[in-house]
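Inside the fold
Letter by letter, the chains look like this.
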Amino acid sequence: LIRKGFSDMQTFLELANSVLNRRKSRAGKSLEFHLEALFNGNNLQYESQAITEVKKKPDFLFPSAEAYHDRSFPTEKLVVLGAKTTCKDRWRQVITEADRIDTKYLCTLQQGISANQLEEMKAENVVLVVPEEYICTYPKEYRGEILTIKNFIDYVTALQKDS
């Protein structure tokens, strides 16, 4: 297609966007697969893409959709985690993905999110989860509120041991 050329700029932009979107989709899936490997390696109970409410599918639900839908299961032992390679405004998707759970966790590879955006996330009860080496890229006043992936796994492990 590239060697053949393009009849107009719009056709070129459509192809470029298509290629870029496929790349972003693969990166997002790769992040999810890496997280699954970590969760499996730590013997965590979870479901990926489980349905919480109508048409809502968080990336990860701990321990399971069955527990989520069981009203006798303690809400404080339920955890939801979204996985986004970059946040931008997409972090807001996590807010609506599990109505029973107040605090939402968001794992991202995006470094150096602004204080304004971090403040918005905090106001919506969204807790960031990032690789440990990324913590230093965030404003100092927010670093103590951001979990490393290891901290998140330890937190879920402790919840599941008590069950």
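Residues numbered from 1 in each chain as written. Predicted model: local features only at pLDDT ≥ 70, side-chain atom pairs only at ≥ 80, totals over all residues. Heavy atoms only, no water.

1. Details of the sheet that holds strand S6 (residues 147-148)
Within a beta sheet, neighbouring strands are joined by backbone hydrogen bonds and run either parallel or antiparallel to one another. Overall, mixed pairing links the six strands, which are arranged S1-S2-S3-S4-S5-S6 in an open sheet. The sheet is open, and its two edges are formed by strand S1 (47-48) and S6, each paired on a single side. Of the strand pairs in this sheet, S1 and strand S2 (residues 60-62) are connected by two bridges, and their pairing is antiparallel. Its bridge partner being in S2, Ser48 is matched across the sheet by Phe60. (Pairing = 2+ DSSP bridges. Helix = DSSP H or I, 4+ residues; strand = E, 2+ residues; numbered from the N terminus.)

2. Some words on the pattern of salt bridges
On inspection of all chains with the given rule, the structure shows four salt bridges. Glu120 is the salt-bridge partner of Arg92, the closest N and O atoms lying 2.2 Å from each other. Taken as a pair, Arg92 in the loop between strand S3 (79-84) and strand S4 (104-108) and Glu120 in helix H3 (residues 115-123) lie far apart in primary sequence, 28 residues in all. A relative accessible area of 35% means that Glu120 is categorised as partly exposed. Among the ionic pairs, Asp154 bridges to Lys150, the shortest N-O distance being 2.8 Å. Here Asp154 pairs with Lys150, and both are found in helix H5 (residues 149-161), just four residues apart, close to one helical turn. (Salt bridge = Lys/Arg side-chain N within 4 Å of Asp/Glu carboxyl O. Buried < 20%, exposed > 50% of the residue type's maximum accessible area, 1.4 Å probe, protein only.)

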